[in-house]
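# Descriptive structure summary
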Amino acid sequence: MDSIVVKGNGALSGAIPIAGAKNACLTLMPATLLSDEPLTLTNAPRLSDIATMTQLLQSLGAEVASLQDGLVLAMSSHTITSHTADYDIVRKMRASILVLGPMLARDGHAIVSLPGGCAIGARPVDLHLKALEAMGADLDLRDGYVHAKAPGGRLKGAVFEFPFVSVGATENALMAATLAKGTTVLKTAAREPEIVDLARCLRKMGARIEGEGTSTIAIEGVDRLHGATHQVVADRIELGTYMLVPAICGGDIECLGGTIDLVGAFAERLDAAGVSVTQTNRGVKVSRKNGRVRAVDVTTAPYPGFPTDLQAQMMALLCTAEGTSVLEEKIFENRFMHAPELIRMGARIEVHGGHATVTGVPKLKGARVMATDLRASVSLILAALAAEGETVVSRVYHLDRGYERVEEKLRACGALIERVKAA
Ligand code: UD1
């Protein structure tokens, strides 16, 4: 297995291009299953999760061509040749469940394996299933698979209130509702920018949707959707991650392609910690000149709150802050697996259930550490950039699921970072 070796070398400065959003792309890709005409995505990120979704769609009979070095995905689902999403692909990535709603809506039946993905908590898919059941789906859970059928071959519009916010369940229900008979109203819907991006793309395909970006989305089902071309929104989690580089190391970095409104709650916490964040006409510029950042408290919440996907990276920063910070994780249980690894680097962290108390130290120290999930892995790289000496991060396959060319982007700002290929 590859590892990444980092030598902390002080302040970093430069410009980092922000890719299209992994999580947006992973929900836009299954939207191809809703139409027999081509769907083309531009600004796609080059990531192993995208390759996994490509493989899954191809296994269902969709054509997916990766063009322009992976930046463009030209997809076509003229016919769905298999309605079974197999365990061997689905177990690699939880977002695979997003093929369920579109297949069921288009052809009235689908069989999808229950998913795997990052080991952050239990992460069930009951809300996805409840929303589809409200639209009339008959669901049967057998042998690790969801067997779904729409009576009469078509889902029906329904009013469905999610008991709490789920990004994936909102996406699955939204896609399914576009082809249902009648109107669907989704209440307590997720408001994430990825939902807004999906709704925009579906609208280009002919869907009738109102209210995306608010907690009530109304969808009037249509008989068929057509082809479209859509540009994937910028990755707000990659943006936030690179905004933390000058915050933790000192220096000045302009993230090219993002906007502050994508990461409002996060940018506000950075500002409170004493980091300067400004919008430029090319992106977001972040700088920290002298001294340490101040401790700040952080509580994760659904959008527009502080994203859980930036909690691990923020913890790395707060490990070096002046004072004590409390981080509260409200979205996923068991999402502090990076804490023991940061402690190996000299951090002072105590975890009690859903809270972590972090007392900043003046300097972290390089160590051998292990990536436990996608965001944890990049938090260790951030810590390593600011640490004294050499850090070796192993199990970096997690990183490749969500960050493209991370070493190249950081080296361009002066970081000493390289990938060591497994023998
Ligand atoms: C998406 C993102 C992920 C991010 C998360 C929260 C993708 C591909 N992934 O994941 O990076 O961390 O949003 O912002 O977009 N839950 C249930 N039942 C369900 C569904 C969810 O109990 O049927 C729970 C989850 O266990 C979790 C919470 O709801 O505690 C929120 O999860 P959800 O918003 O669904 O996350 P994902 O869509 O899986």
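Read on for an overview of the structure. Computed from a prediction, not measured in an experiment: that's the story for all the values here.

We now examine the sheet that holds strand β3 (residues 39–42). Strand order in this open sheet of 4 strands is β4-β5-β3-β14, and the pairing throughout is mixed. Looking along the sheet, the strands with just one partner apiece sit at the ends: β4 (63–67) and β14 (228–231). Between one strand axis and the next, the sheet turns through 15 degrees on average, direction left out of account. The strands touched by helix α7 (residues 193–204) are β3 and β14; relative to β14, the strand with the most contacts, the crossing angle is about 160 degrees.

Moving on: the packing of aromatic side chains. In this structure the tally under the stated criterion is 2 aromatic pairs. A centroid spacing of 4.9 Å and a plane angle of 85 degrees characterise the contact between F160 and F162, whose relative ring orientation is edge-to-face. Taken as a pair, F160 and F162 share a single burial class, namely buried.

What surrounds the ligand is a group of 19 residues, the closest being D126, L127, S166, D309 and I331. P124 is positioned such that a nitrogen or oxygen atom in its backbone is 3.3 Å from an oxygen atom of the ligand. Measuring from an oxygen atom of the ligand, one finds a backbone N or O atom of V167 at 2.7 Å. Coverage of the ligand by the protein chains reaches 86% of its 730 Å² of free accessible surface. Contributing elements (two or more residues each) for the shell around the ligand: α5 (126–134) and α6 (167–178). A total of 3 residues in the shell around the ligand trace back to one element, the largest contributor, which is α5. Of the residues that constitute the shell around the ligand, the class distribution is 9 nonpolar, 5 polar and 5 charged.

So, about the pattern of salt bridges. Under the definition given, this model contains 28 salt bridges. Of the charged contacts, one joins K22 and D49 as a salt bridge, the two residues approaching to 3.5 Å between their closest N and O atoms. Of the two residues, K22 is situated in helix α1 (residues 22–28) and D49 in helix α2 (residues 48–59); the sequence distance between them amounts to 27 residues. Judged by its relative accessible area of 6%, K22 falls in the buried class. For D49, a relative accessible area of 2% gives the class buried. Close ionic contact of R46 with D69 constitutes a salt bridge, the shortest N to O distance being 3.2 Å. Highlighted residues: R46 in the loop between β3 and α2 and D69 in the loop between β4 and β5 (72–76), separated in sequence by 23 residues. Residue R46 is classed as partly exposed on the basis of its relative accessible area, which comes to 26%.

What follows concerns α7. Spanning 12 residues, α7 covers 17 Å between terminal C-alpha atoms, matching the ideal 16 Å at 1.5 Å per step. Looking only at α7, the buried set comprises P193, E194, I195, V196, D197, L198, A199, C201 and L202. One or two positions beyond α7, positive phi appears at G206, with a value near 110 degrees.

Let us now look at the packing of α5 against α6. Running from amino to carboxyl end, α5 crosses α6 at an angle of 25 degrees, the nearest separation of the two axes being 8 Å. The angle between α5 and α6 places the two elements in the roughly parallel class. For the element pair α5 and α6, the recorded crossing hand is right-handed. From α5, L127, H128, A131 and L132 reach across to α6, where they touch G168, A169, N172, A173 and A176. Broken down by class, the residue content of the contact of α5 with α6 amounts to 6 nonpolar, 3 polar and no charged.

The subject of this paragraph is the sheet that holds strand β24 (residues 416–420). Paired through backbone hydrogen bonds, the strands of a sheet run either parallel or antiparallel to each other. If you trace the 4 strands from one edge of the open sheet to the other, you get β22-β23-β1-β24, paired in mixed fashion. Of all strands in the sheet, those bounded by a partner on one side alone are β22 (368–370) and β24. For this sheet, the mean angle separating the axes of adjacent strands, direction not counted, is 20 degrees. As judged from the 5 bridges shared by strand β1 (residues 3–7) and β24, these two strands associate in the antiparallel manner. Within β24, the position partnered with S3 by the bridge is V420.

Conventions used here
Residues numbered from 1 in each chain as written. Predicted model: local features only at pLDDT ≥ 70, side-chain atom pairs only at ≥ 80, totals over all residues. Heavy atoms only, no water. Pairing = 2+ DSSP bridges. Helix = DSSP H or I, 4+ residues; strand = E, 2+ residues; numbered from the N terminus. Axes fitted to C-alpha atoms, helices over the stretch in contact; angles between N-to-C directions. Contact = heavy atoms within 4.5 Å. Phe/Tyr/Trp six-rings, centres within 6.5 Å; stacked < 30°, edge-to-face > 60°. Buried < 20%, exposed > 50% of the residue type's maximum accessible area, 1.4 Å probe, protein only. Near = heavy atom within 4 Å. Polar contact = N/O pair within 3.5 Å; in protein donor to acceptor, adjacent residues only side chain to side chain. Areas by Shrake-Rupley, 256 points an atom, 1.4 Å probe, with all protein chains shown as cover. Nonpolar A, V, L, I, M, F, W, Y, C, P; charged D, E, K, R; others polar. Salt bridge = Lys/Arg side-chain N within 4 Å of Asp/Glu carboxyl O. Expected span 1.5 Å × (residues − 1). Parallel < 35°, antiparallel > 145°, perpendicular 65-115°, else oblique. Left-handed = near helix turned anticlockwise from the far one by under 90°.

Nothing here speaks to function; it is geometry throughout.
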